[in-house]
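Listed here are the chains, written in short residue letters.
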Amino acid sequence: MEPKNGATPTPSGREEDFPLSDKVEGPISAAIIAAGVGATALGLLTTLTEASTAVQDGLQWSDSVGPLSGKTVLAVIVWLLAWGVLYAVLHNKPFETVRALVISLVLIALGILGTFPPFFQLFA
C-alpha cells in the first residue's frame, strides 16, 4: 500500500500508522472555519438590521420575506468567499482541525449571539 502525502511507509503499511504531521488538513480546516465566518456574518447582519432602518431597508430584497432575504443571501456569499480564501491560504498547510474547530465554534457562538433576540433588540 502506497502512503498518502509522501509519508514514509511503516512496517504495517496502514495509513493510521503515519504521523499526523504528514497529513495536510488545510482544506478541511478551511471549510470548518468558513462555516463559522458565515454564521458570524448572519449574526452581524441581523444585529445591524435591528440597529439601522437604512440597513433594514437595504436588505429587504423581497417584500414577502423582508430583510431576511438580504441577510441570508449575504451570509451565504460571505461564507463562500471565506471558504475560497481560506482554502487558497490553507490548502497545502498542516493546519490542525482541532484548532479550526475551536475557531469555528467561537465564531458560531458569536453568530448565535447576534441572532438572539434579547441581544439584537438592545440595538433597536
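Please read these numbers as outputs of a predicted model, since none were measured by experiment.

As for the overall build of the protein chain
Part 1 of the argument: Along its length, the protein chain carries five helices and zero strands.
Part 2 of the argument: From first element to last, N terminus to C terminus, the protein chain shows the α and β order α-α-α-α-α.
Part 3 of the argument: Counting all 124 residues of the protein chain, 28% fall into the buried class.
Part 4 of the argument: Partitioning the intrachain contacts of the protein chain with sequence separation of at least 6 by distance along the chain shows that 66% fall at a separation of at least 24.
Part 5 of the argument: As presented, the protein chain carries roughly 7700 Å² of accessible surface, and 69% of it is formed by carbon and sulfur atoms.

Quick notes on the packing of aromatic side chains
The geometry of two aromatic rings is summed up by the distance between their centres and the angle between their planes.
Part 1 of the argument: Here the structure, examined in full by the defined rule, presents two aromatic pairs.
Part 2 of the argument: Centroid distance Phe119 to Phe123: 5.3 Å. Interplanar angle 70°. Geometry classified as edge-to-face.

Here's the deal with the confidence of the model for the protein chain
Part 1 of the argument: Summarising the model, the protein chain shows a mean pLDDT of 86, and 81% of its residues fall at 70 or more.
Part 2 of the argument: Across the protein chain, element-level confidence peaks in helix H3 (residues 68-90) with a mean pLDDT of 96 and bottoms out in helix H5 (residues 117-120) with 88.

Thoughts on the UniProt feature "transmembrane region" (unreviewed entry) in the protein chain
Part 1 of the argument: Here the UniProt feature "transmembrane region" (unreviewed entry) sits at residues 28-48, 68-89 and 101-120.
Part 2 of the argument: Measuring from the first to the last C-alpha atom of residues 68-89 gives 31 Å, for a span that is 100% helix and 0% strand.

Quick word on the packing of helix H1 (residues 26-51) against helix H4 (residues 97-115)
How two helices sit against one another is set out by the angle between their axes and by the gap between those axes.
Part 1 of the argument: Between H1 and H4, the shortest axis-to-axis distance is 7 Å and the interhelical angle comes to 15°. By the angle between their directions, the pair H1 and H4 is classed as roughly parallel. Two packed elements cross with a definite hand, and for H1 against H4 that hand is left-handed.
Part 2 of the argument: Per-class residue counts for the contact of H1 with H4 are 13 nonpolar, eleven polar and no charged.

Considering H3
Part 1 of the argument: Compared with the 33 Å implied by 1.5 Å per residue over 23 residues, the 32 Å span of H3 between its first and last C-alpha is a close match.
Part 2 of the argument: Along H3, the positions that sit buried rather than exposed are Ser69, Gly70, Lys71, Ala75, Ala82, Leu86 and Leu90.

Brief notes about the environment of Ile32
Part 1 of the argument: Its place among the elements puts Ile32 in helix H1.
Part 2 of the argument: Owing to a relative accessible area of 24%, Ile32 belongs among the partly exposed residues under this scheme.
Part 3 of the argument: Apart from the residues lying within four places of it in its own chain, the contact partners of Ile32 are Ala100, Leu101 and Ser104.

What about the environment of Thr53?
Part 1 of the argument: The topology assignment puts Thr53 in helix H2 (residues 53-58).
Part 2 of the argument: The class of Thr53 is exposed, set by a relative accessible area of 58%.

A few points about a nonpolar patch on the surface
Part 1 of the argument: Nonpolar side chains collect at one region of the surface, where Val76, Trp79, Leu80, Trp83 and Tyr87 lie side by side and expose about 460 Å² of accessible area between them.
Part 2 of the argument: Structurally, the position occupied by Trp79 is in helix H3.
Part 3 of the argument: A residue is classified by how much of its surface remains accessible, and Trp79, at 30% relative accessible area, is partly exposed.

Rules used throughout
- Residues numbered from 1 in each chain as written.
- Predicted model: local features only at pLDDT ≥ 70, side-chain atom pairs only at ≥ 80, totals over all residues.
- Heavy atoms only, no water.
- Helix = DSSP H or I, 4+ residues; strand = E, 2+ residues; numbered from the N terminus.
- Buried < 20%, exposed > 50% of the residue type's maximum accessible area, 1.4 Å probe, protein only.
- Contact = heavy atoms within 4.5 Å.
- Areas by Shrake-Rupley, 256 points an atom, 1.4 Å probe, with all protein chains shown as cover.
- Phe/Tyr/Trp six-rings, centres within 6.5 Å; stacked < 30°, edge-to-face > 60°.
- pLDDT = per-residue confidence, 0-100.
- UniProt positions renumbered as here; feature names shortened; annotations may be inferred.
- Axes fitted to C-alpha atoms, helices over the stretch in contact; angles between N-to-C directions.
- Parallel < 35°, antiparallel > 145°, perpendicular 65-115°, else oblique.
- Left-handed = near helix turned anticlockwise from the far one by under 90°.
- Nonpolar A, V, L, I, M, F, W, Y, C, P; charged D, E, K, R; others polar.
- Expected span 1.5 Å × (residues − 1).
- Patch = residues over 30% accessible without salt bridge, like charges linked within 9 Å, V, L, I, M, F, W, Y side chains within 5 Å.
- Salt bridge = Lys/Arg side-chain N within 4 Å of Asp/Glu carboxyl O.

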